[in-house]
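Examination of the molecular architecture
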Amino acid sequence: MTIFFVIPGDPVPHVSVTYRGKWVPNNRIRKVTKYKDDIRKIIMAQRIKLPIPTKKNPIWILTAAYFRNGRHGDPESIHKAIKDALWPAKEGGDKYTGGAYTKPLYDAKNPRVEVLIEFSLY
């Protein structure tokens, strides 16, 4: 099965949270947290049902990030933030996911991330 959706707005890269970062308010962490929440809202609004990735049913995800200009995070970090939003660690995480991301793409008028997910219905 294939699912496609678009995350509008500027792509936000994943940020690693250190021990200190968990206790000290940080604008970057808040921005990533909001971005992940927005992604979950898009999934819910479109009534997309994503399976939990497992060893028997791994999931493949392709992300294409379109940036506003040359000042942005790397596409790999954008890919990771989206996977973390879709499959949070507390729900099993993204251990059984794979995929790819495109080179940086640009669209000054319509920054976004296009997401393609493939999985089997076993």
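Up top is the structure these notes are about.
Residues numbered from 1 in each chain as written. Predicted model: local features only at pLDDT ≥ 70, side-chain atom pairs only at ≥ 80, totals over all residues. Heavy atoms only, no water.

**Focus: the side chain of R112**
Residue position: R112 is located in strand 5 (residues 112-118). Of note is the side chain of R112, whose polar atom sits 2.7 Å from the backbone oxygen of N110. For R112, the side chain forms a polar contact with the side chain of E114, separated by 3.1 Å. Non-local contacts of R112, meaning those with residues more than four positions away in its chain, are made with V6, I7, P8, G9, P11, A64, A65, Y66 and D107. (Helix = DSSP H or I, 4+ residues; strand = E, 2+ residues; numbered from the N terminus. Polar contact = N/O pair within 3.5 Å; in protein donor to acceptor, adjacent residues only side chain to side chain. Contact = heavy atoms within 4.5 Å.)

**Some points on the pairing of strand 5**
As paired strands, strand 1 (residues 2-8) and strand 5 are joined by 7 bridges and run antiparallel to one another. Each bridged residue has a counterpart across the sheet, and for P8 the counterpart in strand 5 is R112. (Pairing = 2+ DSSP bridges.)

**Concerning helix 2 (residues 75-86)**
With 12 residues, helix 2 should reach 16 Å at 1.5 Å per residue; the first-to-last C-alpha distance of 17 Å fits that figure. Burial analysis of helix 2 places 10 of its 12 residues in the buried class, the great majority of the element. If you check which residues of helix 2 are buried, you get P75, S77, I78, H79, A81, I82, K83, D84, A85 and L86. Of the surrounding secondary structure, the elements contacted by the buried residues of helix 2 are strand 1, helix 1 (27-45), strand 2 (59-67), strand 3 (97-101) and strand 5. (Expected span 1.5 Å × (residues − 1). Buried < 20%, exposed > 50% of the residue type's maximum accessible area, 1.4 Å probe, protein only.)

**Some details on the packing of aromatic side chains**
Applying the stated criterion across every chain yields a total of 1 aromatic pair. Plain terms: the ring middles of F67 and Y106 are 6.3 Å apart, the flat faces sit at 50° to each other, and that makes the pair tilted. Pair noted here: F67 is in strand 2 and Y106 is in strand 4 (residues 105-106), with a separation of 39 residues, a long-range link. By relative accessible area, F67 is classed as buried at 2%. By relative accessible area, which is 47% here, Y106 ends up partly exposed. (Phe/Tyr/Trp six-rings, centres within 6.5 Å; stacked < 30°, edge-to-face > 60°.)

**Examining the pattern of salt bridges**
On inspection of all chains with the given rule, the structure shows 8 salt bridges. The salt bridge involving R40 is made with D37; its shortest N-O contact spans 2.9 Å. Within this pair, R40 and its partner D37 are both found in helix 1, separated by 3 residues, close to a single helical turn. Residue D37 is classed as partly exposed on the basis of its relative accessible area, which comes to 34%. D94 is the salt-bridge partner of K80, the closest N and O atoms lying 2.9 Å from each other. Taken together, the positions of K80 in helix 2 and D94 in the loop between helix 2 and strand 3 put the pair 14 residues apart, joining distant regions of the chain. With relative accessibility at 30%, the residue K80 sits in the partly exposed group. The class of D94 is buried, set by a relative accessible area of 15%. Sharing partners across several salt bridges, the network here consists of K36, K80, D84 and D94. (Salt bridge = Lys/Arg side-chain N within 4 Å of Asp/Glu carboxyl O.)

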